[in-house]
Amino acid sequence: MSALLSIQGMSHYFGGLKAVSDFTFDVPEGVIYGLIGPNGSGKTTTFNLISGLYTPTTGKIFFQGKEITGHRPFRIVQGGIARTFQNLRIFGNLSVIDNIRVARHYTVKSGLFTSLLRLPSFLQEEADVREDAMQLIRMFHLEDRAHDQAKNLPYGALRRLEIARALATKPKLVLLDEPAAGMNPKETDDLMGLIRRVRDEFKVTVFLIEHHMKLVMNVCERVKVIDFGETIAEGDPKVVGKDPKVLEAYLGKRGAEC
Amino acid sequence: MGTIKLPRLLIAALIFYVVVTILSLDQVHILNGYFMVIINRSLIFVILAASLNLINGITGQFSLGHMGFAAVGAYVSGTITTLVLKLPAPQPGFWITGPIFIFMIAIVIGGIAAGLVGFLIGFPSLRLKGDYLAIMTLGFGEIIRTILNNIDYVGGPRGLLGIPKFSTFTTITLFTFLIIVLLRNLVQSSHGRAMLSIRENELASELCGIDTTRYKVMGFVIGAFCAGVAGGLLAHLLQLAHPTQYGFLPSALVLIMVYAGGMGSMTGSIFAAFSLTFLTEGLRVAFDNIPSFRIGTMDVRIGTEWVMVIYAILLILIMLFRTEGIMGMREAKLLIIEEKKKK
Ligand SMILES: Nc1ncnc2c1ncn2[C@@H]1O[C@H](COP(=O)(O)OP(=O)(O)O)[C@@H](O)[C@H]1O
Ligand SMILES: [Mg+2]
């Protein structure tokens, strides 16, 4: 298996704080890869670097063999890396279907004038986009709410909507930032099943962040454990889960919050 | 079976046009010339408010100098019809004759010029995060006035005078209708949804693959184009274009229309443009008739400039009691294109 995403010597500073310290790792194509670590250990920052919100202080990011360091975020998405957010970022006043259609927009071919004149090719494409969006909506069990304003959905549904929206950009890699945050055990179980289905049906690679050890160990095929921006361990979750350094980071004085 | 189904919006526009035209006929004489000027002015403000709504309400940016683009449209189209082509005043009548056709092209050219200026202002300021657009557009409104004051060719401080009265109820209704359809079609397309997503959450929009800078600039330029068209129509209605017509206060009036109608609601913009144009005229007449009085040693005269005071109060009331405006983000059925929902 070749590396879909390759991070090489990536560090990032916020002023004097080293949030990410010399990360070098590969995310192989087709796996469910987990990044775990306590709160504040640099997980979200890693995602922000990969998705282009920050440019790393040092180091390089390669996607499908091409360097993407410093590219603008929308270009990185168009290149095939989609993401969700730890704190939801939903288009609250738009309907559920419109949330998803926005993510499908960059693949739309109808130009401005075709759209303004509502020419037949535009109408045909709109119908296709609508059908695509409805398929995703059904897969994520949101069909009852498809035309409701997104802000009126319950929390768990919004989490699913964000994943569906990310998939609408037709990515090769999806970054999920704490997808189970705020979910109860039943919802978390369903989510794990959904994440596996997403990988299999959409043929995407999944890179997820969690600080729940259990979820990661269950669903991920490869993990990287970090603390204070430093890599503690990387590899097979069964092996990593027994690593004394990992156990210390998790069961040590800050273990309680995980 | 076999009948042509006209779109509802077109039917509504036709009914409006026919009814107003009949009421204004000399034989009927319910709407006199004075009323027709206010109706025409309302329709022009519909264009201004609906297009500012595209920038501020749909795309979520903050432009403060919408009238500056109207000035560009007014002066460019006025220059073409009055100074370059020296078109004669049109014959009264319903038909679109040669000169009226040329006038309509001049209006569109005025819009395109305003759109170009919009690009020059929008591109540098919309690339940056923050309130640069508000500052730039505020400055632009003042700069355009200074520039117009100093170009002798277009009359300098006297303004561009003797513009032929090409803007009739017919031509204004036609342009207003076309622009409303254009804006509606835009908002209810994939491009429009891209703009809406920027208002909702710019970062998430960018991370849905939307080139947010491009769509902010696109919304702004289309808005500026429409304002340019409105400015051209206004100049050919009032038969003059004057630098002071396009300052900060008129821009603020359009802004109040967008807020009062409901940010993001085209229906609200249209409704507010009509009601506030009529209200402005009513207040102007009322204030003109209030005699001056004395408070202590001070002579107080309530002049027409007090209209803006009323609007400031109105704006405060809206912000206090109905922050979402009259319509919120809702649209009237007339302006919603039905999507066929397949089961
Ligand atoms: N924009 C920022 N500016 C300054 N410090 C930040 C910023 N974002 C994150 N940090 C800091 O960087 C560290 C890592 O944060 P983050 O990546 O969000 O952690 P995690 O997602 O693992 O909980 C924390 O100490 C956090 O306070
Ligand atoms: Mg985080």
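Before reading further, recall that the structure is shown in the block above.
An account of the accompanying structure is given in this report.

**Focus: the side chain of Thr169(A)**
Line of reasoning, step 1. Relative to the helices and strands, Thr169(A) is located in the loop between α6 (155-168) and β7 (173-177).
Line of reasoning, step 2. A residue is classified by how much of its surface remains accessible, and Thr169(A), at 1% relative accessible area, is buried.
Line of reasoning, step 3. Sequence-distant contacts of Thr169(A), that is, excluding residues within four places in its chain, are made with Val77(A), Ala82(A), Ala103(A), Tyr106(A) and Cys208(B).

**A short note on the interface of chain B and chain A**
Many authors give the size of an interface as the accessible area that is lost as the parts come together.
Line of reasoning, step 1. Residue-level contacts link 32 residues of chain B with 34 residues of chain A.
Line of reasoning, step 2. Here chain B and chain A share an interface that buries about 3000 Å² over both sides, 61% of which is from carbon and sulfur atoms.
Line of reasoning, step 3. When the buried surface of chain B facing chain A is broken down by residue, Arg193(B), Leu207(B) and Cys208(B) rank first, second and third, together holding 23% of it.
Line of reasoning, step 4. Taken together, the connections running from chain B to chain A amount to three salt bridges.
Line of reasoning, step 5. For Glu126(A), the salt bridge identified is with Arg193(B), shortest N-O distance 2.9 Å.
Line of reasoning, step 6. Taken together, chain B and chain A are joined by eleven residue pairs in polar contact (both at pLDDT 80 or more).

**Examining unusual backbone geometry**
Residue and element names in this part refer to chain A.
Line of reasoning, step 1. Even without a glycine there, the phi angle at Lys170 is positive, about 55 degrees.
Line of reasoning, step 2. Take Lys170: it is sitting in the loop between α6 and β7.
Line of reasoning, step 3. Although it is not a glycine, Glu178 adopts a positive phi angle of roughly 45 degrees.
Line of reasoning, step 4. Residue classification places Glu178 among the buried positions, given a relative accessible area of 4%.

**Digging into the pattern of salt bridges**
Line of reasoning, step 1. Following the criterion strictly, the structure yields 19 salt bridges over all chains and no others.
Line of reasoning, step 2. Of the charged contacts in the structure, one is a salt bridge between Lys186(A) and Asp190(A), with a shortest N-O distance of 2.6 Å. Here the residue Lys186(A) and the residue Asp190(A) both occupy positions in helix α7 (residues 185-202), the gap between them amounting to four residues, near one helical turn.
Line of reasoning, step 3. With its nearest N and O atoms 3.2 Å apart, the salt bridge here joins Arg145(B) to Glu142(B). Taken as a pair, Arg145(B) and Glu142(B) lie in helix α5 (residues 132-149) at a separation of three residues, close to a single helical turn.
Line of reasoning, step 4. Looking at Arg145(B), the relative accessible area reads 28%, which means it is partly exposed.
Line of reasoning, step 5. Bridged by salt links that share partners, the residues Arg72(A), Glu206(B) and Asp211(B) form one connected network.

**Focus: the packing of helix α2 (residues 33-58) of chain B against helix α6 (residues 169-187) of chain B**
Residue and element names in this part refer to chain B.
Line of reasoning, step 1. Contact pair α2 / α6: the axes reach a minimum separation of 10 Å and the direction vectors enclose 20 degrees. Put simply, α2 runs roughly parallel to α6. When the axes of α2 and α6 are compared, the crossing they make is left-handed. In this structure, α2 contributes Met36, Ile39, Asn40, Leu43, Ile44, Val46, Ile47, Ala50, Ser51, Leu54 and Ile58 to the contact, and α6 contributes Phe169, Ile172, Thr173, Phe175, Thr176, Ile179, Ile180, Leu183, Leu186 and Val187.
Line of reasoning, step 2. Considering only residue class, the contact of α2 with α6 consists of 17 nonpolar, four polar and no charged.

**Digging into the pairing of strand β4 (residues 58-63) of chain A**
Residue and element names in this part refer to chain A.
Line of reasoning, step 1. Where strand β1 (residues 3-14) lies against β4, five bridges are found, and the strand directions are antiparallel. Residue pairing across strands places Ile7 opposite Ile61, the latter belonging to β4.
Line of reasoning, step 2. Of the strand pairs in this sheet, β4 and strand β5 (residues 66-67) are connected by two bridges, and their pairing is antiparallel. Considered in β5, the bridge of Phe62 is made with Glu67.
Line of reasoning, step 3. Between β4 and β5, which pair antiparallel and follow one another directly, the connecting turn spans two residues, one of which, Gln64, has a positive phi of 50 degrees.

**Considering the nonpolar core**
One broad trend across soluble globular proteins is that nonpolar side chains are buried collectively.
Line of reasoning, step 1. Formed by 154 residues in total, the largest nonpolar core has its most connected members in Phe140(A), Leu208(A), Leu48(B) and Leu233(B).
Line of reasoning, step 2. Sequence-distant contacts of Phe140(A), that is, excluding residues within four places in its chain, are made with Arg160(A), Ile163(A), Ala164(A), Leu167(A), Leu194(A) and Val198(A).
Line of reasoning, step 3. Counting 24 residues, the second largest nonpolar core, distinct from the first, contains Val20(A), Phe23(A), Ile81(A) and Leu175(A).

**Here we look at a nonpolar patch on the surface**
Residues and elements named next belong to chain B.
Line of reasoning, step 1. A cluster of nonpolar residues, Trp306, Val309, Ile313, Ile316, Leu317, Met319, Leu320 and Phe321, forms a patch on the protein surface that exposes about 820 Å² of accessible area.
Line of reasoning, step 2. Mapped onto the secondary structure, Leu317 falls in helix α12 (residues 307-321).
Line of reasoning, step 3. Given the relative accessible area of 41%, Leu317 is considered partly exposed.

What counts and what doesn't
Residues numbered from 1 in each chain as written. Chains lettered and ligands numbered in written order. Predicted model: local features only at pLDDT ≥ 70, side-chain atom pairs only at ≥ 80, totals over all residues. Heavy atoms only, no water. Helix = DSSP H or I, 4+ residues; strand = E, 2+ residues; numbered from the N terminus. Buried < 20%, exposed > 50% of the residue type's maximum accessible area, 1.4 Å probe, protein only. Contact = heavy atoms within 4.5 Å. Buried area = accessible area lost by both parts, 1.4 Å probe. Salt bridge = Lys/Arg side-chain N within 4 Å of Asp/Glu carboxyl O. Polar contact = N/O pair within 3.5 Å; in protein donor to acceptor, adjacent residues only side chain to side chain. Axes fitted to C-alpha atoms, helices over the stretch in contact; angles between N-to-C directions. Parallel < 35°, antiparallel > 145°, perpendicular 65-115°, else oblique. Left-handed = near helix turned anticlockwise from the far one by under 90°. Nonpolar A, V, L, I, M, F, W, Y, C, P; charged D, E, K, R; others polar. Pairing = 2+ DSSP bridges. Core = buried A, V, L, I, M, F, W, Y, C linked by side-chain atoms within 4.5 Å. Patch = residues over 30% accessible without salt bridge, like charges linked within 9 Å, V, L, I, M, F, W, Y side chains within 5 Å. Areas by Shrake-Rupley, 256 points an atom, 1.4 Å probe, with all protein chains shown as cover.

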